[in-house]
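Each chain, letter by letter, is given below.
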Amino acid sequence: MADHHHEEDAKAESLIEKTRDKVHGADDSSSSSSDDEGKTSSLKAKVFRLFGREKPVHKLLGGGKPADVFMWRNKQISAGVLGVATAIWVLFEILEYHLLTLVCHGLIIVLAVLFLWSNASTFINKSPPRIPEVSVPEKPVLQFASDARVAINQTFALLRDVASGRNLKKFLSVIAGLWIFSILGSCCDFLTLLYISAVLLHTVPVIYDKYEDQVDSFAEKALAELKKQYAVFDKKVLSKIPRGPLKDKKTD
């Protein structure tokens, strides 16, 4: 009887030891997995991303249907949009068609077809065409006007901040951007510039999303070189230029 109790106590102790070993093993594995996650997160944090982005390219483009079009999530719609943009550019730039003439000719054709169809339906015993009622909803127009107002006010605030002389780096960046746009405007007209922008929006995000590691690595090296050159330029030239009066008042 005593031997029987002794065997039961030994089995209970072995079971407790096994349970304890499993718990320690689970703790060790969880701690090692947490350490691995910490290492991977630290490595991800150290990876350089262009413009300091933390979201995927699709999210940066809005994450909605326009982003799906630019990222070619639906190839038929993306190809259709790019094809329509190409057709419009060829029509107005290559064939030198005018917008007012195109609109008038299109309305003439549509109105003539619908008018003849409506009158001929009584003779050919067919139903007349169903012309839908088209009306512009109020909410999207107000939303667009609100977004445009915010963008215009931000532009005015940026121009005021640049003109105040408080940030020389921002001033040089804006001047360089305007100078580049002026060169583009002298090389091509506004419609061609819009078409080039549409083509770039349909190609650059997809290519960057596919080769983002190589592009980010090259951009990191280029940015480091630009910062080095800017530091030299700032030390030799920019630091000797007097600042505007607003910055002096702010520092006082």
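Residues numbered from 1 in each chain as written. Predicted model: local features only at pLDDT ≥ 70, side-chain atom pairs only at ≥ 80, totals over all residues. Heavy atoms only, no water.

Student: Is there a simple way to explain the packing of aromatic side chains in this structure?
Tutor: In this description, an aromatic ring pair is defined by two values, namely the gap between the centres and the angle between the planes. Taken as a whole, this structure holds 1 aromatic pair when the rule is applied. The interplanar angle of 10 degrees and the centroid separation of 5.1 Å between the aromatic rings of W89 and Y195 together place this pair among those described as stacked. Residue W89 is found in helix 4 (residues 75-94), and its partner Y195 is found in helix 8 (residues 190-210); the two are separated by 106 residues along the sequence. Looking at W89, the relative accessible area reads 22%, which means it is partly exposed. A relative accessible area of 18% means that Y195 is categorised as buried. (Phe/Tyr/Trp six-rings, centres within 6.5 Å; stacked < 30°, edge-to-face > 60°. Helix = DSSP H or I, 4+ residues; strand = E, 2+ residues; numbered from the N terminus. Buried < 20%, exposed > 50% of the residue type's maximum accessible area, 1.4 Å probe, protein only.)

Student: What exactly am I supposed to notice about the packing of helix 8 against helix 9 (residues 212-236) here?
Tutor: When two helices pack together, their arrangement is given by the angle between the helix axes and by the axis-to-axis distance. Packing of helix 8 against helix 9 brings their axes to within 5 Å, and their N-to-C directions diverge by 95 degrees. It follows from the interaxial angle that helix 8 and helix 9 lie roughly perpendicular. Within the contact between the two elements, helix 8 uses Y208, D209 and K210 and helix 9 uses E212, V215 and D216. Residues of the contact of helix 8 with helix 9, tallied by class, amount to 2 nonpolar, no polar and 4 charged. (Axes fitted to C-alpha atoms, helices over the stretch in contact; angles between N-to-C directions. Parallel < 35°, antiparallel > 145°, perpendicular 65-115°, else oblique. Contact = heavy atoms within 4.5 Å. Nonpolar A, V, L, I, M, F, W, Y, C, P; charged D, E, K, R; others polar.)

Fair warning: the whole summary comes from geometry, so function is off the table for now.
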